[in-house]
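Summary of the model geometry
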Amino acid sequence: MDGVNGLSNQNLYDDGDIEHMKGLENLSTNAAINRIGNDAGLDTTHAIHGSDKTSKEIVAAHREAVRQEWSPVAVAPDAVGHAASHVAEHLAEHGARLAFRAMAGAALPIHLVMFAKEMADAVAADSVVGHERAEAFVKSAMHTVILGSLNGLPQAFVDSERARYADDAPADLVSRMSAAMGRGDNNLMGVIQLHCDQGMSAAREMYGAGQTPGDYLKAHADVAQRIAEDPAFKAGFEGAVYGREHGNYDAMMTALDARDARYAQHNVGLRG
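All values reported here derive from a predicted model rather than from experimental measurement.

Quick look at the nonpolar core now. Counting residues in hydrophobic clusters, the biggest one holds 55 residues, and the most contacted among them are Ile-33, Leu-150, Leu-153, Met-177, Ile-192 and Phe-237. A total of eleven residues in this core trace back to one element, the largest contributor, which is helix H11 (residues 186–208). With residues up to four places along the chain from it excluded, the contact list for Leu-153 reads Gly-6, Leu-7, Ser-8, Val-158, Cys-196, Met-200, Ala-235, Gly-236, Gly-239 and Met-252.

Now the structure itself:
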């Protein structure tokens, strides 16, 4: 059954598409989506992982790091310590430059203003966060395209995962990449589908062994590593876990078996 309560079914692969996948089983999801990105006009490559953060998550983590870095002075039991705490809050919540302007314009002792400036300079000097955020926008578009193009996942799971990237992913880039897939990269998207199916197969092995995800991943470091590194494999594994919890699992496995039979027919290895 398709639709919101059914399984995703975004791509149809004919025998020629599957035949062209032969020999590409070990092409990584990262390499495949970057080739599609290049066809869509990207002139750089971007290393995507299963655990990539969105720009909002990067900012939130950076704010917390700033807060933690300056927390020792903020616990001082005197007025300076309390004021410093407010300075750190402003820095973490509003950004270094704006916070320093606010502190400099307030009626504070000069040593507190200089303290604020030192913190502001430390934060402003960190250009890594800005670079990571710029990367996050492109990566979010890649994740959006991957999730939106996979077959056999619970549609509600796909919608939820895509929503996480919604504010980040530039719509024009998503559209260009989707169009690029239609210009001959179906075999590359098919390889990404294969990796998703490998994730589903790992989940099936887990349930067949009567294990929970926590126990299974502790015992299978290779699977845990692929979940961390490969967003398509991660979607397959976590989508199967979601399906098990929401009544989609049997339908997922039936569809997986059908795809696996076609892989076997064309000597495409499900396990790569």
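Bringing the pattern of salt bridges into the picture now. A side chain with one charge may pair with a side chain of the opposite charge, provided their charged atoms come close. One pass over the full model with this rule turns up ten salt bridges. For Asp-230, the salt bridge goes to Arg-226, with nearest N and O atoms at 3.1 Å.

Further remarks concern unusual backbone geometry. Positive phi values are uncommon outside glycine, yet Asn-267 reaches one of about 60 degrees. Among the secondary structure elements, Asn-267 is positioned in the segment after helix H15 (249–265).

It is worth spelling out the environment of Gly-236 at this point. Among the secondary structure elements, Gly-236 is positioned in helix H14 (residues 231–246). Along the sequence, Gly-236 and Gln-193 sit 43 residues apart, while their C-alpha atoms lie 8.9 Å from each other. When residues no more than four places from it in sequence are discounted, the contact partners of Gly-236 are Leu-153, Cys-196, Gly-199 and Met-200.

Quick look at the packing of helix H9 (residues 155–165) against H14 now. Following both chains from N to C, one finds H9 and H14 inclined at 125 degrees, their axes separated by 9 Å at the closest point. Between H9 and H14, the crossing angle belongs to the class labelled oblique. Here the hand of the crossing between H9 and H14 comes out right-handed. Of the residues in H14, those in contact with Ala-156, Phe-157 and Glu-161 of H9 are Lys-234, Ala-235, Glu-238, Gly-239 and Tyr-242. Of the residues contributing to the contact of H9 with H14, the split by class is four nonpolar, one polar and three charged.

What follows covers the side chain of Asp-230. Residue placement: Asp-230 occurs in the loop between helix H13 (221–229) and H14. Under the relative-accessibility criterion, Asp-230 is labelled buried at 9%. Here the side chain of Asp-230 touches Ala-232 through a polar contact of 2.9 Å, landing on its backbone nitrogen. Separated by 3.2 Å, the side chain of Asp-230 and the backbone nitrogen of Phe-233 make a polar contact.

Scanning all chains against the criterion turns up three aromatic pairs. When the ring of Phe-157 is compared with that of Tyr-242, the centres are 5.7 Å apart and the planes differ by 50 degrees; the resulting orientation is tilted. One end of the pair, Phe-157, is in helix H9; the other, Tyr-242, is in helix H14, and 85 residues separate them in sequence. A relative accessible area of 6% places Phe-157 in the buried class. Where Tyr-216 meets Phe-237, the ring centres are 6.4 Å apart and the plane angle is 20 degrees; that geometry is what we call stacked. With Tyr-216 in helix H12 (residues 213–219) and Phe-237 in helix H14, the pair connects residues that are 21 residues apart, well separated along the chain. By the burial criterion, Tyr-216 is buried, and Phe-237 matches it. It is Arg-244 that lies over the ring of Tyr-207; its NZ or CZ is 4.2 Å from the centre.

About the criteria used
Residues numbered from 1 in each chain as written. Predicted model: local features only at pLDDT ≥ 70, side-chain atom pairs only at ≥ 80, totals over all residues. Heavy atoms only, no water. Core = buried A, V, L, I, M, F, W, Y, C linked by side-chain atoms within 4.5 Å. Buried < 20%, exposed > 50% of the residue type's maximum accessible area, 1.4 Å probe, protein only. Helix = DSSP H or I, 4+ residues; strand = E, 2+ residues; numbered from the N terminus. Contact = heavy atoms within 4.5 Å. Salt bridge = Lys/Arg side-chain N within 4 Å of Asp/Glu carboxyl O. Axes fitted to C-alpha atoms, helices over the stretch in contact; angles between N-to-C directions. Parallel < 35°, antiparallel > 145°, perpendicular 65-115°, else oblique. Left-handed = near helix turned anticlockwise from the far one by under 90°. Nonpolar A, V, L, I, M, F, W, Y, C, P; charged D, E, K, R; others polar. Polar contact = N/O pair within 3.5 Å; in protein donor to acceptor, adjacent residues only side chain to side chain. Phe/Tyr/Trp six-rings, centres within 6.5 Å; stacked < 30°, edge-to-face > 60°. Lys NZ or Arg CZ within 6 Å of the ring centre and 35° of its normal.

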